[in-house]
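Residue strings, one per chain:
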Amino acid sequence: MAGYMRLRQICLVAPKLEPVISDIAGIMGLNECFRDGNVAKYGLENALLPVDTILLEVVAPFQPGTAAGRFIDKNGGRGGYMAIFCCDDPDAYGKRANEMGVRTANVITHAPYHGVQLHPRDCRAAFIEFNHTEGSDDILGTYPPAGPDWQKSIAKDVTLALTDVEMESPEPEVLAAHWGKIIGVSVSRNAKGEPELKLPNASFHFVKGPADLMSGLTFKVADIAKVREAARAKGCKVAGDGFDLCGVRFSLTV
């Protein structure tokens, strides 16, 4: 399909918002830009942290019976919750997904923003959302889910960028092809020969694992050792150039 397709946001899920959001912000040197009251109708609370122009969101259920709560129970607390892409026509991408047998789970319109969320069971591994904000094709432009002044919260002294998302599956090739077809990106190979979906501002790579899930995020940072020590100080499990937090592996590169 014609038009642009970029990673806009990664959403993680936690049983409670604190201390997870404070720990991520403290370890990665990020600033919270917004908490969106609109998610309360789903029984959730959230907070967003800009990583350059990609938003890192954490949602947490505050009442029983939420989709996020079921997601935590199903995966035993592992795995990212949602990959959110900005594009020129969310409805067209949603329609094409429907034609593949991927159901629409939710449509959200808060003008000038319009989003189409697809069913995680059909996407496999995580929710996929396509959205567009009218008059804001600039990646640094208006983006209502992140609040009115999200750009002012961007901090780059510790973390420079979110560069890659790791997806696990018993069938990584099949999952890569499935996600590639949904988002309209051809499968290529990364330097390790793993299947990869390359977007203008980030990549998704697919590895062998016991279940379908979003298993890790890679961040470009100024000083790996400093971030690793900050993670250790917060009680995270640290191994190699990375640590575990909020159900995913945070991998660090320079």
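Residues numbered from 1 in each chain as written. Predicted model: local features only at pLDDT ≥ 70, side-chain atom pairs only at ≥ 80, totals over all residues. Heavy atoms only, no water.

## Points about the packing of aromatic side chains
Argument step 1. Across all of its chains, the model carries nine aromatic pairs by this definition.
Argument step 2. Centroid distance Tyr93 to Phe130: 5.0 Å. Interplanar angle 35°. Geometry classified as tilted. Taken together, the positions of Tyr93 in helix α3 (residues 90-99) and Phe130 in strand β7 (residues 127-133) put the pair 37 residues apart, joining distant regions of the chain.
Argument step 3. On the basis of relative accessible area, Phe130 is assigned to the buried category, the value being 0%.
Argument step 4. Here Trp179 and Phe204 contribute two aromatic rings whose centre-to-centre distance is 5.9 Å and whose plane-to-plane angle is 40°, an arrangement assigned as tilted. Placement of Trp179 in helix α5 (residues 172-183) and of Phe204 in strand β11 (residues 203-208) is noted, with a sequence separation of 25 residues between them.
Argument step 5. The exposure class of Phe204 is buried, given its relative accessible area of 0%.
Argument step 6. Counting every residue linked through ring pairs, the aromatic cluster contains Phe85, Tyr93, Phe130, Trp179 and Phe204. (Phe/Tyr/Trp six-rings, centres within 6.5 Å; stacked < 30°, edge-to-face > 60°. Helix = DSSP H or I, 4+ residues; strand = E, 2+ residues; numbered from the N terminus. Buried < 20%, exposed > 50% of the residue type's maximum accessible area, 1.4 Å probe, protein only.)

## Some points on the sheet that holds strand β9 (residues 187-189)
Argument step 1. What the eight strands build is an open sheet, ordered β9-β10-β11-β8-β12-β15-β14-β13; its pairing is mixed. Across the chains shown, the open sheet's two edge strands, defined by having one partner strand only, are β9 and β13 (237-238).
Argument step 2. With three bridges connecting them, β9 and strand β10 (residues 195-198) associate as antiparallel partners. When the sheet's bridge partners are listed, Ser188 is paired in β10 with Glu196.
Argument step 3. Here helix α1 (residues 20-28) sits on the sheet in contact with β8 (159-169), β12 (213-221), β14 (242-245) and β15 (248-253), set at roughly 165° to β14. (Pairing = 2+ DSSP bridges. Contact = heavy atoms within 4.5 Å. Axes fitted to C-alpha atoms, helices over the stretch in contact; angles between N-to-C directions.)

## A look at the environment of Gly193
Argument step 1. Assignment of secondary structure puts Gly193 in the loop between β9 and β10.
Argument step 2. The sequence separation of Gly193 and His205 amounts to twelve residues, and the corresponding C-alpha distance is 9.8 Å.

## Brief notes about the pattern of salt bridges
Argument step 1. Taken as a whole and judged by the stated rule, the model has 13 salt bridges.
Argument step 2. Between Asp23 and Lys234 there is a salt bridge whose closest N-O contact spans 3.9 Å. Here Asp23, found in helix α1, pairs with Lys234, found in the loop between α6 (224-233) and β13; they are 211 residues apart in sequence, far enough to count as distant.
Argument step 3. We classify Lys234 as partly exposed; its relative accessible area is 42%.
Argument step 4. Between Arg78 and Glu168 there is a salt bridge, with the nearest N and O atoms lying 3.4 Å from each other. With Arg78 in the loop between α2 (67-75) and β4 (82-87) and Glu168 in strand β8, this residue pair connects regions lying 90 residues apart in the sequence.
Argument step 5. The network of salt bridges with shared partners includes Glu18, Glu32 and Arg35. (Salt bridge = Lys/Arg side-chain N within 4 Å of Asp/Glu carboxyl O.)

## Here's the deal with unusual backbone geometry
Argument step 1. For the bond running from Glu18 to Pro19, omega is 5°, close enough to zero to count as cis.
Argument step 2. With an omega of 10°, the peptide bond running from Ala111 to Pro112 counts as cis.

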